[in-house]
Amino acid sequence: MCGVLGGDKAYEAVSEHLGVGHDETTEDGKFTLEHAECLAACDYAPVMTINYEFYDQVDADAAVDIVRRLQSGTSPLPSRGARLCTFKQIEMQLAGFQDDRPSTTGEGPAGTPTLAGVRLADSVGVSVPGYDPNTPIPAVRPKDPPPAPAKKNEKGAK
Amino acid sequence: MSAISVAQDVLTPVLTKRWLTSDAWTIDTYELLDGYRGLRKAFTATPDELIQLVKDSGLRGRGGAGFPTGLKWSFIPQGDGKPHYLVVNADEGEPGTCKDVPLMMADPHSLIEGIIITCYAIRSNFAAIYIRGEVVHAIRRVQNAVREAYAKGYLGKNILGKGFDLDVVVHAGAGAYICGEETALLDSLEGYRGQPRLKPPFPATNGLYSSPTVVNNVETIASVPFIVLGGADWWKSMGTEKSPGPKIYSISGRVNRPGQYECGLGTTLRQLIELAGGMKEGHQLKFWTPGGSSTPMLTAEHLDVPLDFEGAAAAGSMLGTTAVMLQRPGRPGLRGLPVH
């Protein structure tokens, strides 16, 4: 979806700006460009990531501008979550270590697309009727035979 | 047909309701919003009663295949002396799909609570959440939720004094699309290269470390506390007879307000477009996919197809992950994606 909505143009613009293609690194060793397949953010499309932090709804101009700001030594604020950190720090997080910077989980409220449906529901006063958290859980008598073994038609979740 | 009347007809804010509260991802706020109440209630029932409850609710897997969740749980052999595992598939990678990441960002504790209830039901003392590595922000939120849950005694030894132990590990994937397939995911989790296994045997008997394993999608597991609280009949008051319950539809493409819309299963594209503020000006619907890019394309002929597991299949497609992507007729029309 990113590609169709302008992501390919943004990629081309950044590629031209940096003078590198997919999986290539600039001569100064500072930027490696990658053409991502899908980043599970179609409602925010097109998106780009820097060191795995998301920049939502970028067009070609915005993408190049973000790269320019990095080149000038500033740290453009990602759209969700934490501020940019080094690639090594992100690698540590992916390896399962806790991000030791304070408040990295707290920054950034959910964006408009995330809340589109629930805000609409709220604005027209929709809630699901009949919800009673004290509804009893029906009793089941303990079974004598063990549960049935896996059947052949069980399908994998994908 | 106005947007308001459609909204009143089809929207069912259940899993997404807490998202409105901006810090619902913290455990203190989560607890104020009925959080971990489902767990306390679940502990008053037996594991078999919970499996039966989820069977009765008709909950079907939200990862795309639509397999009945309670049935899957009941396949786990009991009293076999082997460890049992729950693996949560959070490797959201089917293009178009973008519902699990916002859920893990906005309401990660609903996933943790669902995990604890599920593990109690299938008699598992270990669960892994396999999250795709590209979404570090969501990984941080879920890791934070796990830490908070440990600190409050919802995870670890003797949870809530009920004698039930559970450890949860958050695992980051390494960027392979195939690892969204459950057996490739299991291989990856074990430290091998992620490649699908031959089936049978199925994960229910030979899953993680060749032990009985339930693999469920994030949205499936996050539904469980609501079913425990509201009951099977309430759950079935939403959606259709064979595909009950609410579902997060992810609408992207040429609409005015792309985003997440939680509706009863069986909602039509015509209704979804209305919710999303209509097609963008100057854009006409040419084709669309109902559930990610691997589901066969549909056209404007199919605007009134009920988008549940049966309806999408009857139209020659698949419900998939209800990642609804709308495309316009364009200069390239159909275009190839660069493959590297």
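These figures come from a predicted structure and were not determined experimentally.

**Some remarks on unusual backbone geometry**
Residues other than glycine predominantly adopt negative phi, and peptide bonds predominantly adopt the trans conformation.
Residue and element names in this part refer to chain A.
Part 1 of the argument: Here the bond from Ala-45 into Pro-46 is cis, since omega is -10 degrees, no more than 30 degrees from zero.
Part 2 of the argument: Within the fold, Pro-46 resides in the loop between β2 (32–33) and β3 (48–50).
Part 3 of the argument: Although it is not a glycine, Asp-23 adopts a positive phi angle of roughly 65 degrees.
Part 4 of the argument: As for its placement among the helices and strands, Asp-23 is situated in the loop between α1 (3–18) and β1 (24–25).
Part 5 of the argument: Judged by its relative accessible area of 57%, Asp-23 is exposed.

**What about the environment of Leu-70 of chain A?**
Residue and element names in this part refer to chain A.
Part 1 of the argument: Relative to the helices and strands, Leu-70 resides in helix α2 (residues 60–71).
Part 2 of the argument: Classification of Leu-70 by relative accessible area gives partly exposed; the value is 22%.
Part 3 of the argument: For the pair formed by Leu-70 and Asp-8, sequence separation is 62 residues and the distance between their alpha carbons is 21 Å.
Part 4 of the argument: Discounting residues that sit within four places of it in the chain, Leu-70 has contacts with Phe-31, Ile-50, Pro-76 and Leu-84.

**Here's the deal with the sheet that holds strand β7 (residues 287–289) of chain B**
Strand pairing in a sheet is mediated by backbone hydrogen bonds. Such pairs are either parallel or antiparallel.
Residues and elements named next belong to chain B.
Part 1 of the argument: Here we have 5 strands laid out as an open sheet, ordered β6-β5-β9-β7-β8, and mixed in their pairing. Looking at the sheet topology across the chains shown, the edges are occupied by β6 (259–264) and β8 (298–299).
Part 2 of the argument: Pairing analysis gives 4 bridges linking strand β5 (residues 246–253) to strand β9 (residues 323–327), with the strands arranged parallel. Looking at β9, one finds that Gly-253 is bridged to Leu-326.

**A short note on the domain arrangement of chain B**
All names here are of chain B.
Part 1 of the argument: Taken domain by domain, chain B comprises domain 1 (1–16 + 238–333) and domain 2 (34–231).
Part 2 of the argument: Using only C-alpha atoms to locate each centre, domain 1 and domain 2 end up separated by 27 Å.
Part 3 of the argument: Each partner contributes to the interface: domain 1 provides 22 residues, whereas domain 2 provides 22 residues.
Part 4 of the argument: Each partner contributes to the roughly 1,600 Å² buried at the junction of domain 1 and domain 2, and carbon and sulfur atoms together form 56% of this total.

Definitions and limits used
Residues numbered from 1 in each chain as written. Chains lettered and ligands numbered in written order. Predicted model: local features only at pLDDT ≥ 70, side-chain atom pairs only at ≥ 80, totals over all residues. Heavy atoms only, no water. Helix = DSSP H or I, 4+ residues; strand = E, 2+ residues; numbered from the N terminus. Buried < 20%, exposed > 50% of the residue type's maximum accessible area, 1.4 Å probe, protein only. Contact = heavy atoms within 4.5 Å. Pairing = 2+ DSSP bridges. Domains from an automatic or database assignment. Buried area = accessible area lost by both parts, 1.4 Å probe.

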